[in-house]
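Results of the structural survey
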Amino acid sequence: HWKTLLAIMLLIAALGSQLPKLTLDTSTEGFLHEDDPTLLAYNQFREQFGRDELILVTIKSNNVFEPAFLKTLQQLHYELKDKTPYLDDITSLINARDTRGSEGELLVEDLLEHWPENPQQLNDIRQRAMANPVYRNMLLSEDGTITTVVIKTDAYPGKQSMDDALAGFDSGTLEVDPAATTEQLPLSDAQNSEIVHVVTAIADKYRGDNFEIYLAGPPVVTDVLKRAMQSNMKKFMGMALLTIALILFLLFRRVSGVALPLLSVILSLFSTLGLMGALGIPFKLPTQILPSFLLAVGVGASVHLLAVFFRRLQQLHEGTTESSESKSHKEQAISYALGHSGLAIVMTSLTTAAGLASFAGAEVAPISDLGIIAAIGVLIALVYTLVLTPALLSVLPLKAKTSSSAAVRQRRMDNLMLRIADTATERSRIVLLISAVILVFGLSGALQVKFSHKPFEWLPQDNPARIATDFVDQKMRGA
């Protein structure tokens, strides 16, 4: 058992060393495989035309053309411009392009290039802005009470700018920077979060009674979903562990009966997550169920093994079975438990893993990842159950209980199972009828299931990002 424990610990340490490589990906593109033609075409589009996902800093006021409001908007605009990382472009009423004809010539300038110094100039700017169809429902609402600062970030941070690319034409010789021809990495999930956090912090400084700010746009929703995913995984893992521990204690009434299954399944999860890091498979929104799923599925095999082990140990202690003098009662109980339930545990785990592995061919990348990793996780849990758990049982000083409470609980469970079996066989028609009714009810509901992919609707209606998105949808004709 010591050699077995050492080998298992080395394996766990090797896989655990890969945990720092785990990443998160909450982007919509993450739902597609890297070689998906749709994603390849989309990446080519973004490389040529930039990022199409915009951050909308939407501001509501009584009148956006009041001098005090415009001054605050100007300060907000330039602070966002100076401090937002990976910024490609920023547009608001402060720098919005205003093209118009005047006295037989075409004027192209910023709307507020000449800051209004009197009410007449301010009214002239307001009329031009309200009449400009390009501004309507993008930079300005139809009633003039809402305006938006539109932030466009780099699709490929660090990529050579257009000014740099055309600089060689001035001297008559085009010089190509070798670094510009190398493959550029798209904006990462971490970089997206960095942008949103900076924009949020700046916006919070300017919020006021007559300066209500709503942050909307896909990058904001993506960041909120990422933080929700991190919180959910911690919360649900804790709830799963607490629930499993409580049930194990009620079943076994032993510390070892709680600790051994939890240790086995936690180490299985630990190893599986390390394998994800080694393979470069990120956590995505659908795969956030993986930790809780493996905890729930992986513990079953340990419970099956320990239930037989503890029962056999009790029987040997009470002398109700033949005992071999060459082995201790604990060794005999371990051998009996593996011989009695080992095949059932193996078959159950293999069929579960095979069912999960069938997801591997899914066109939706996270479902494919879930099928592969969950199947491997189930097999890792199987190995730890059949190898690690018996080795730990050999090491730990476990003894049969001297009280009759264990025997009483076993008899109660046996009687319950017998009553269930008697009901199923003696009233088979009633059982089948009730089952058929439940099946029909379930199928009728399944036929009403609809398919949808609206990430912002995954958020509760009281979430700030959901409120902002709904607000922009209603007031600006769509975020």
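The paragraphs below set out a description of the structure included in this document. Computed from a prediction, not measured in an experiment: that's the story for all the values here. (Residues numbered from 1 in each chain as written. Predicted model: local features only at pLDDT ≥ 70, side-chain atom pairs only at ≥ 80, totals over all residues. Heavy atoms only, no water.)

**Concerning the side chain of Arg254**
With respect to the helices and strands, Arg254 occurs in the loop between helix H7 (218-252) and helix H8 (255-279). Under the relative-accessibility criterion, Arg254 is labelled buried at 12%. For Arg254, the contacting residues outside a window of four places in its chain are Phe310, Lys399, Ala400 and Lys401. (Helix = DSSP H or I, 4+ residues; strand = E, 2+ residues; numbered from the N terminus. Buried < 20%, exposed > 50% of the residue type's maximum accessible area, 1.4 Å probe, protein only. Contact = heavy atoms within 4.5 Å.)

**Focus: the pairing of strand E1 (residues 54-60)**
E1 sits mainly inside the fold: five of its seven residues count as buried. Note that E1 and strand E5 (residues 146-153) share seven bridges and pair antiparallel. Considered in E5, the bridge of Ile55 is made with Ile151. Sheet topology note: the E1/strand E6 (residues 212-216) ladder contains five bridges and is antiparallel. Within E6, the residue paired with Lys60 across the bridge is Glu212. (Pairing = 2+ DSSP bridges.)

**Let's talk about the sheet that holds E1**
With respect to topology, four strands assemble into an open sheet ordered E2-E5-E1-E6, the strand pairing being antiparallel. Because the sheet does not close on itself, it has two edges, and the strands there are strand E2 (87-91) and E6. Each adjacent strand pair in this sheet contributes to an overall mean axis angle of 20°, direction not counted. In the packing of helix H6 (residues 189-206) onto the sheet, the strands contacted are E1, E5 and E6, and the crossing angle to E6 comes to about 170°. Sitting on the sheet, helix H14 (residues 464-475) touches E1, E5 and E6, and the angle it makes with E6 is about 100°. (Axes fitted to C-alpha atoms, helices over the stretch in contact; angles between N-to-C directions.)

**Some thoughts on the pattern of salt bridges**
Summed over the entire model, instances satisfying the criterion amount to 14 salt bridges. Note that Lys226 and Asp189 form a salt bridge whose closest N and O atoms lie 3.3 Å from each other. Here Lys226, found in helix H7, pairs with Asp189, found in helix H6; they are 37 residues apart in sequence, far enough to count as distant. Taken as a pair, Lys226 and Asp189 share a single burial class, namely buried. (Salt bridge = Lys/Arg side-chain N within 4 Å of Asp/Glu carboxyl O.)

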